[in-house]
Amino acid sequence: MPKVLRIDPSDNVAVALEPVGQGEEVEVCGLKIRAKQAVPPGHKLALSYIPKGSEVVKYGSAIGRATRDISPGEWVHTHNLRGTRGREG
């Protein structure tokens with residue numbers, strides 16, 4: 001069973017299905033990504049570079065915007081993501 005799951009082919013994040021340790025390499029859809037921080041189960045791991053202000057895509061749609069540049073392998077959460085689901089403007 002994979003440790004992380006990319007839900008939609010257009011997603012730029014994957015979801016950890018179990019804990020991913022800092023420095024651990026995981027494979028997602030043929031991509032090998034090394035975790036820059038520990039990623040708890042249910043949390044997101046960046047699959048590619050996401051520039052500040054760019055959309056974070058999960059489920060094939062934007063769930064928020066990066067509040068700073070995010071490198072591949074970084075844990076994506078409230079410290080670097082501003083959610084936009086359910087918000088106007």
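Our structure's up above, just so we're on the same page.
Let me sum up the structure you'll find in this document.

Cut-offs and rules
Residues numbered from 1 in each chain as written. Predicted model: local features only at pLDDT ≥ 70, side-chain atom pairs only at ≥ 80, totals over all residues. Heavy atoms only, no water. Helix = DSSP H or I, 4+ residues; strand = E, 2+ residues; numbered from the N terminus. Rg over C-alpha atoms; globule rule 2.2 N^0.38 Å. Buried < 20%, exposed > 50% of the residue type's maximum accessible area, 1.4 Å probe, protein only. Contact = heavy atoms within 4.5 Å. Areas by Shrake-Rupley, 256 points an atom, 1.4 Å probe, with all protein chains shown as cover. Lys, Arg positive; Asp, Glu negative; His and termini not counted. Charge placed at Lys NZ, Arg CZ, Asp CG, Glu CD. Pairing = 2+ DSSP bridges. Axes fitted to C-alpha atoms, helices over the stretch in contact; angles between N-to-C directions.

Before going further, it helps to examine the overall build of the chain. Regarding its fold elements, the chain presents zero helices and nine strands. Written out in order from the N terminus, the α and β elements of the chain read β-β-β-β-β-β-β-β-β. Here the C-alpha atoms of the chain give a radius of gyration of 12 Å, agreeing with the 12 Å that 2.2 N^0.38 yields for 89 residues. Each principal axis of the C-alpha distribution contributes one length, and for the chain these read about 40 × 20 × 20 Å. Classification of the 89 residues of the chain by burial places 35% in the buried group. Sequence separation of 24 or more characterises 40% of the internal contacts of the chain that already satisfy a separation of 6 or more. Put simply, the chain shows about 5,000 Å² of open surface, and 50% of that area lies on carbon and sulfur atoms. When the 13 basic and 10 acidic side-chain charges of the chain are each reduced to a single mean position, those positions are 5 Å apart.

Taken in spatial order, the four strands of this open sheet run β1-β2-β5-β8, and their pairing is antiparallel. Lying at the two open borders of the sheet, with one neighbouring strand each, are β1 (4-5) and β8 (75-76). The pairing of strand β5 (residues 44-46) with β8 spans two bridges and is classified as antiparallel. Considered in β8, the bridge of L45 is made with W75.

We now examine the sheet that holds strand β9 (residues 81-83). Spatially, β6-β7-β9 is the arrangement adopted by the three strands of the open sheet, whose pairing is antiparallel. Both outer strands of the open sheet, β6 (55-58) and β9, are each paired with one neighbouring strand and no more. The mean inter-strand angle of the sheet, taken between neighbouring strand axes irrespective of direction, is 40°. The sheet contact formed by strand β7 (residues 61-66) and β9 spans three bridges and is antiparallel. Bridged to R65 within β9 is R82.

Bridge analysis of strand β3 (residues 25-28) against strand β4 (residues 31-34) gives four bridges, and the strand direction is antiparallel. Paired with E27 across the strands is K32, a residue of β4. The hairpin turn running from β3 into β4, its antiparallel successor, is two residues long, and C29 in that turn takes a positive phi close to 50°.

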